[in-house]
Amino acid sequence: WQRETEGRVFDSPERRAALDKALAETVRTIPCPKVRDQYRKSLQARMAALVESALVTETVPAPVTVPLYMLIREEETQRECGQVTIEFGPGGQVLALRVTHFMLPEPMLAFVDPDVLDD
């Protein structure tokens, strides 16, 4: 496993398929059927974990930017005053909120505490 994976990136289906092929070719060289079967099962489990982690990484939604409004009480109207960008992590978990206000010189960045989301 280490020989075939060390220093390599498996960020595409083609690269993962090439790894799967290389591992299968190596396992076929093991003469004892029982040992060969044990290696095959172990490497299949590692491949499944690699593919699962790659799929989670691939499904990170793109950030979403929406307008930010403030209520003007005197006029009883809403006026756009900035924007909020929501940054997501694997599985759609909210990681950060970037708030840009037209009156502030720098954007504010708020990190979301995952423990708060579970409540």
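Here the structure is a predicted model, which means the values were calculated and not measured. (Residues numbered from 1 in each chain as written. Predicted model: local features only at pLDDT ≥ 70, side-chain atom pairs only at ≥ 80, totals over all residues. Heavy atoms only, no water.)

(A) Molecular detail of the overall build of the chain. Assigned secondary structure in the chain consists of 4 helices and 4 strands. Ordering the α and β elements of the chain from the N terminus gives α-α-α-β-β-β-β-α. Here the chain, with 119 residues, has 18% of them falling under the buried criterion. Sequence-distant contacts in the chain: of pairs separated by 6 or more residues, those separated by 24 or more amount to 24%. (Helix = DSSP H or I, 4+ residues; strand = E, 2+ residues; numbered from the N terminus. Buried < 20%, exposed > 50% of the residue type's maximum accessible area, 1.4 Å probe, protein only. Contact = heavy atoms within 4.5 Å.)

(B) Spatial organisation of the nonpolar core. F10, L19, L23, V27, L43, M47 and L50 together form the largest nonpolar core, which totals 7 residues. When contributions to this core are tallied by element, the ones reaching two or more residues are α2 (13-28) and α3 (33-58). Once you skip the residues sitting within four places of it in the chain, L19 turns out to touch W1, E4, T5, F10, M47 and L50. (Core = buried A, V, L, I, M, F, W, Y, C linked by side-chain atoms within 4.5 Å.)

(C) Summary view of the pattern of salt bridges. Under the defined criterion, the tally for this structure stands at 4 salt bridges. Here E4 makes a salt bridge to R8, at a shortest N to O gap of 3.5 Å. By relative accessible area, E4 is classed as buried at 13%. On the basis of relative accessible area, R8 is assigned to the partly exposed category, the value being 48%. (Salt bridge = Lys/Arg side-chain N within 4 Å of Asp/Glu carboxyl O.)

(D) Structural view of the side chain of T85. Mapping T85 onto the fold places it in strand β2 (residues 77-88). Residues contacting T85, with those up to four places away along its chain left out, are P63, V64, T65, A96, L97 and R98.

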